[in-house]
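Structural features, examined
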Amino acid sequence: MSINEFVEKYQRERCQTNALKWDALAERFGDADLLPLWVADMEFAAPEAVTEALTKRIAHGVFGYSIVDDQYFDTYLGWQKRHENTPFKREWLSFSTGVVQALYDLVDCFTKEGEAVMIQRPVYYPFSNAIKDKNRQLVNSPLVNVDGHYHMDLADFEAKIVENQVKLFILCSPHNPVGRVWTEKELADVLAICQKHQVLVIADEIHSDFIMPGYQFTSAISVANGAYLDQLIVLNAPSKTFNLASLLNSHIWIPNEALRKQYRTWASKNRQTESSMLGQVAAKAAYANGDAWLASLIEVIEANYQTIRTRLAQEAPQVKVGQLEGTYLLWLDLRQAIDENQVKTVIQDKAKLAVDFGSWFDQDSKGFIRLNLATTPAIIHQAIDQLVASL
Ligand SMILES: Cc1ncc(COP(=O)(O)O)c(C=O)c1O
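Residues numbered from 1 in each chain as written. Predicted model: local features only at pLDDT ≥ 70, side-chain atom pairs only at ≥ 80, totals over all residues. Heavy atoms only, no water.

1. Brief notes about the packing of aromatic side chains
The condition that has to hold: Stacked, tilted and edge-to-face are the three classes assigned to paired rings of Phe, Tyr and Trp, where Trp is represented by its six-membered ring and a pair needs centres within 6.5 Å; plane angles under 30 degrees give stacked, over 60 edge-to-face, the rest tilted.
Taken as a whole, this structure holds 26 aromatic pairs when the rule is applied. Ring plane angle 35° and centroid distance 6.0 Å describe the contact between Tyr124 and Tyr125, whose orientation is recorded as tilted. Among the aromatic residues, ring-to-ring pairing joins Phe6, Tyr10, Phe44, Phe73, Tyr76, Trp79, Phe88, Phe242, Trp253, Tyr287 and Trp293 into one connected group.

2. Some details on the state of the cysteines
Heads up, the condition is: Note on disulfides: each one is a pair of cysteine sulfur atoms within 2.5 Å. Exposure categories follow from relative accessible area, calculated using a 1.4 Å probe and restricted to protein chains: below 20% of the type maximum is buried, above 50% is exposed, and the middle band is partly exposed.
In the structure shown here, the tally under the stated rule is zero disulfides. Left unpaired, Cys109 is separated from the closest cysteine sulfur, that of Cys194, by 18 Å. In this model Cys194 remains outside any disulfide bridge; the closest cysteine sulfur is found in Cys172, 15 Å from its own. Exposure remark for Cys194: the relative accessible area of 0% places this residue in the buried category.

3. So, the side chain of Asn164
For clarity, the cut-off: Strands here mean DSSP runs of E at least two residues long; helices mean DSSP runs of H or I at least four residues long; both are numbered from the N terminus. Here a polar contact is taken to be a pair of N or O atoms separated by no more than 3.5 Å, where protein atoms must pair a possible hydrogen donor with a possible acceptor and residues adjacent in sequence count only if both atoms sit in side chains. Any two residues whose heavy atoms approach within 4.5 Å are treated as being in contact.
By the secondary structure assignment, Asn164 is in helix 8 (residues 154-164). At 3.1 Å, the side chain of Asn164 and the side chain of Gln137 are in polar contact. Here the side chain of Asn164 touches Lys160 through a polar contact of 2.9 Å, landing on its backbone oxygen. Beyond its immediate chain neighbours, meaning those up to four positions away, Asn164 contacts Ala116, Gln137 and Val139.

4. Topic: the site of the ligand
This is how it is decided: Any residue with at least one heavy atom within 4 Å of a molecule or strand is counted as near it. The method behind every accessible area is Shrake-Rupley, applied with a 1.4 Å probe, and residues are considered shielded solely by the protein chains displayed. A 1.4 Å probe that fits into a set of points on a 1 Å grid over the protein atoms alone but cannot get out defines a cavity; an open set with protein on both sides within 12 Å along at least five of seven lines defines a pocket, and lining residues are those with an atom within 4 Å of a point. Molecules are considered to sit inside a cavity or pocket once more than half of their atoms lie within 2 Å of its grid points.
With respect to spatial proximity, the complete set of residues near the ligand consists of Ala40, Gly98, Val99, Val100, Tyr124, Cys172, Asn176, Asp204, Ile206, His207, Ser239 and Lys240. Val99 is positioned with one of its backbone polar atoms (N or O) 2.7 Å from an oxygen atom of the ligand. Contact distances for the ligand include 2.7 Å between an oxygen atom and a side-chain N or O atom of Asn176. About the coverage of the ligand: the protein hides 89% of its 400 Å² of free accessible area. Its atoms largely coinciding with the cavity grid, the ligand occupies the largest pocket.

5. Thoughts on the domain arrangement of the chain
Note the threshold: The domain boundaries here were taken from an automatic or database domain assignment. Reported buried area values correspond to the accessible surface (1.4 Å probe) lost by two parts on association, with both partners' losses combined. When residue character is reported, Ala, Val, Leu, Ile, Met, Phe, Trp, Tyr, Cys and Pro are called nonpolar, Asp, Glu, Lys and Arg charged, and the others, Gly included, polar.
Domain boundaries assigned for the chain yield domain 1 (3-47 + 291-390) and domain 2 (65-289). The gap between the C-alpha centroids of domain 1 and domain 2 is 25 Å. Taken together, the contact pairs 30 residues of domain 1 with 35 residues of domain 2. In this assembly, domain 1 packs against domain 2 so that about 2,800 Å² is buried in total across both faces, 58% of it on carbon and sulfur atoms. The interface formed by domain 1 and domain 2 contains 15 residue pairs in polar contact (both at pLDDT 80 or more). Elements supplying a minimum of two residues to the side of domain 1 that touches domain 2: helix 13 (291-315), strand 12 (329-333), helix 15 (358-361) and strand 15 (368-372). When the residues that make up the side of domain 1 that touches domain 2 are grouped by side-chain class, the tally is 17 nonpolar, five polar and eight charged.

6. Some words on unusual backbone geometry
Going from Ser173 to Pro174, the amide bond is cis rather than trans, its omega being -5°. Along the chain, Pro174 turns up in the loop between strand 7 (166-172) and helix 9 (184-196). If you check the backbone angles, Gln165 has positive phi at about 50° while not being a glycine. Given a relative accessible area of 58%, Gln165 falls into the exposed group. In the Ramachandran plot, Leu248 falls in the positive-phi region, its phi being about 55° despite a non-glycine side chain. You can call Leu248 partly exposed: its relative accessible area is 42%.

7. Some remarks on the sheet that holds strand 3 (residues 116-119)
Defined as follows: Two strands are counted as paired when DSSP detects at least two bridges linking them. Axis lines are fitted to C-alpha atoms, over the contacting stretch for helices. Their N-to-C directions set the angle, which ranges from 0 to 180 degrees.
Read from one edge to the other, the open sheet built from seven strands follows the order 2-10-9-8-7-3-4, with strand pairing classed as mixed. On the outer flanks of this sheet lie strand 2 (93-96) and strand 4 (137-140), each paired with one strand and no other. Strand-to-strand, the axes of this sheet are offset by a mean angle of 25°, without reference to chain direction. The pairing of strand 7 with strand 8 (residues 200-204) spans five bridges and is parallel. In the strand pairing of strand 8, Cys172 is matched with Asp204. Against the sheet, helix 8 engages strand 3, strand 4 and strand 7, with an angle of about 155° to strand 4.

This is the structure:
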């Protein structure tokens, strides 16, 4: 399917559907009249198989307590075999109502108040919220930006683990917002340091299905043929991939049996929640039938990315566009275009764009913004028009 065909077929008007991205602009930004390119969801409907499966299930009319059937895992494993090919095992899996919920729970379960938890800023801000809200000590080993390409500073990472007696590291892979798809070598290096110092690792791999052409995703589970499984928890979900966030279904994979028992005991005392039946119906349909839909969506994202790169290079070369390796979130460096204290005035008040501001991710990233590429080419062009005019 061509990009135009995909957009025409799946694009939906989201205003007045209680869409956070569109209908909460006044509440979140203080201005309802903005073009939204913030929060990570899309203007596109899920694959038809998803709506069909949901419609059929809803027509049944009974929504009592439900169980997860064997088909769920088999379908997911089929998806895995066709895509990233990580050797997940059925017994490792627990469900959560969201990756962020899982992060809060895992911080609670595996660390005590006051203990140190490491992140790599600029990073998805709920990581910081979970650590702070749970009264843990936030330790940051900042990513290093070399001409728009971010990498980890392993010496700093290890020194901070030792200095703060870090107990838990939350890895974002692929990385939101800087768009990196970590290589197996990068992951092996950082996981080896964690193993050496007995640091538990939570790998948030929710963006693993969004890998741009030419890049290769490696799950932390597969690194060095599973050498780090014992100290690892992986989080992923169908919600980002197929735009199903409101259906509240995500995965917690815990390979180590003792850690898994510890989590399940904790969960049985603190989380007496059912899993999301409709979320699982949708996920199963998507994992069984969503391959072509996702392939076309990635073409749309890649094309939107190239549009921004090309147009900004010509019309506003002072704006530096990061390399998009994975995710559908683009990190723009505005530091040569705008005084970093003026970013909100220029981007929101003048350009009328609702974006994720760099300062939400990290005080040192005030000169950056994050744009959402999982939208129509028309919205991307309008956003660039407004951005360029405001500069
Ligand atoms: C890295 C990362 N983790 C988690 C989430 C949200 O996951 P959930 O909606 O399952 O809480 C997002 C959403 O953008 C994300 O970028």
